[in-house]
Amino acid sequence: MPKDKFIKLTTNAVPLPIENIDTDQIIPARFLKATTREGFGDNLFRDWRYDGENKPIKGFALNNPSYSGKILVGGKNFGCGSSREHAAWAIYDYGFRVVVSSFFADIFKNNALNNGLLPVVVSDQFLKDLLDTTQANPRTEVIVDLENQSISFESHKETFEINAYKKNCMINGYDDIDYLLSLNKEVKEYDLAHS
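Because the structure is a prediction, the values reported are computed rather than measured.

Basis of the calculations
- Here, residues in each chain are numbered from 1, in the same order as that chain's written sequence.
- Given that the model is predicted, a residue must reach a pLDDT of at least 70 before its local features are reported, and side-chain atom pairs must reach 80 or more before they are shown or counted; all residues, however, enter totals for whole chains, interfaces and linings.
- The side-chain values count all of the structure's non-hydrogen atoms but skip hydrogen atoms and water molecules.
- Only DSSP runs of H or I reaching four residues or more are called helices, and only runs of E reaching two or more are called strands; each is numbered from the N terminus.
- For the radius of gyration, the atom set is restricted to C-alpha positions; the globular benchmark scales as 2.2 Å times the number of residues to the power 0.38.
- Three labels apply to residues, based on accessible area from a 1.4 Å probe with only protein chains included: buried if under 20% of the type maximum, exposed if over 50%, partly exposed otherwise in between.
- The contact definition used throughout considers only heavy atoms, calling two residues in contact when any of these lie within 4.5 Å.
- Computed with the Shrake-Rupley method and a 1.4 Å probe, the accessible areas treat only the protein chains shown as cover for residues.
- Asp and Glu count as negative and Lys and Arg as positive, but His and the ends of the chain are not part of the count.
- Where a charge lies is defined by one atom per residue type: Lys uses NZ, Arg uses CZ, Asp uses CG and Glu uses CD.
- A pair of strands counts as paired when DSSP detects no fewer than two bridges linking them.
- Working convention: axes come from line fits to C-alpha atoms, limited for helices to the stretch in contact. Angles between N-to-C directions cover 0 to 180 degrees.

A. Geometry of the overall build of the chain. Check the secondary structure of the chain and you find eight helices and eight strands. The C-alpha radius of gyration of the chain comes to 18 Å, within 12% of the 16 Å expected for a compact globule of 195 residues. In terms of principal-axis extent, the alpha carbons of the chain reach across some 65 × 45 × 25 Å. Across the 195 residues in the chain, those meeting the buried criterion constitute 47%. Considering only contacts in the chain between residues 6 or more positions apart, those separated by 24 or more positions represent 66%. When the accessible surface of the chain is split by element, carbon and sulfur atoms take 49% of a total near 10300 Å². If you average the places of the 22 positive and of the 27 negative side-chain charges in the chain, the two averages end up 4 Å apart.

Printed below as a string of structure tokens:
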């Protein structure tokens, strides 16, 4: 499925200063019945967002109207637990395009990259400063520059690592099939030169 191109994003962020957020908390197993990627955002962090009577839980960041934006800032070890791809689907479907943490579970990180969601790994200190700042001032603008592999806010700036192939795919809005199709001309030229 082609995704939106991602080059540079300037937006507010939603702070979620909780460590070890696992995929069952991101999207509980009882909501995994659908086979398409749409609709999972409605149940993102379902058991943290709503009580047993389906009423929003006050105090949870996603229920706080002060917070908005396309960046989710989570605690260390984000996306641990089971390998469900639905966790990345739910975060993307909710409207987030970036998740920031100081550590991601490998499977979640790969699932995110495969689904147009950029996981940005920062230092523990940068993460703490970002969480503190966004909690104190929800209007804080965060800039994620994929081309230059940097994230910044106020006077803070860090660079982050990303696989070159996945970076190319995100900048161009490609999934794996789109990437292969983008090489069609080169493949034909190679084929003609070697037949």
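B. Molecular detail of unusual backbone geometry. Unusually for a residue other than glycine, Asn 20 sits at a positive phi of about 60°. With respect to the helices, strands and loops of the structure, Asn 20 is situated in the loop between strand E2 (13-16) and helix H1 (23-26). Residue classification places Asn 20 among the partly exposed residues on the basis of a relative accessible area of 41%. Residues other than glycine seldom take positive phi values, yet Asn 54 does so here, at roughly 65°. The exposure class assigned to Asn 54 is partly exposed, which follows from its relative accessible area of 45%.

C. Layout of the sheet that holds E2. Strand order in this open sheet of four strands is E2-E3-E4-E5, and the pairing throughout is parallel. The sheet terminates laterally at E2 and strand E5 (118-121), the two strands that pair on one side only. Looking at each pair of strands side by side, their axes are set apart by 20° on average, direction ignored. Sheet analysis places strand E4 (residues 98-101) next to E5, joined by four bridges and oriented parallel. The partner of Val 99 across the bridge, within E5, is Pro 119. Its contacts with the sheet put helix H5 (residues 124-136) on E2, strand E3 (71-74) and E4, and the angle it makes with E2 is roughly 110°.

D. Here's a closer look at the pairing of strand E1 (residues 8-11). Residues of E1 alternate between two faces, with Leu 9 and Thr 11 buried on one and Lys 8 and Thr 10 left unburied on the opposite face. For E1 and strand E6 (residues 142-145), the ladder comprises four bridges, and the chain directions are antiparallel. The partner of Lys 8 across the bridge, within E6, is Asp 145.

E. Up close: the sheet that holds E1. Read from one edge of the open sheet, four strands run E1-E6-E7-E8, paired in antiparallel fashion. On the outer flanks of this sheet lie E1 and strand E8 (156-159), each paired with one strand and no other. Between one strand and the next, the sheet's axes are offset by a mean angle of 10°, whatever the strand orientation. Across four bridges, the pairing between strand E7 (residues 150-153) and E8 is antiparallel.

F. Broad picture of helix H3 (residues 86-94). In terms of burial, H3 is a largely internal element, seven of the nine residues being buried. Within H3, burial applies to His 86, Ala 87, Ala 88, Trp 89, Ala 90, Ile 91 and Tyr 92. Against H1, E4 and helix H4 (106-114) lie the buried residues of H3. Looking one or two residues past H3, Gly 95 carries a phi angle of roughly 125°, positive in sign.

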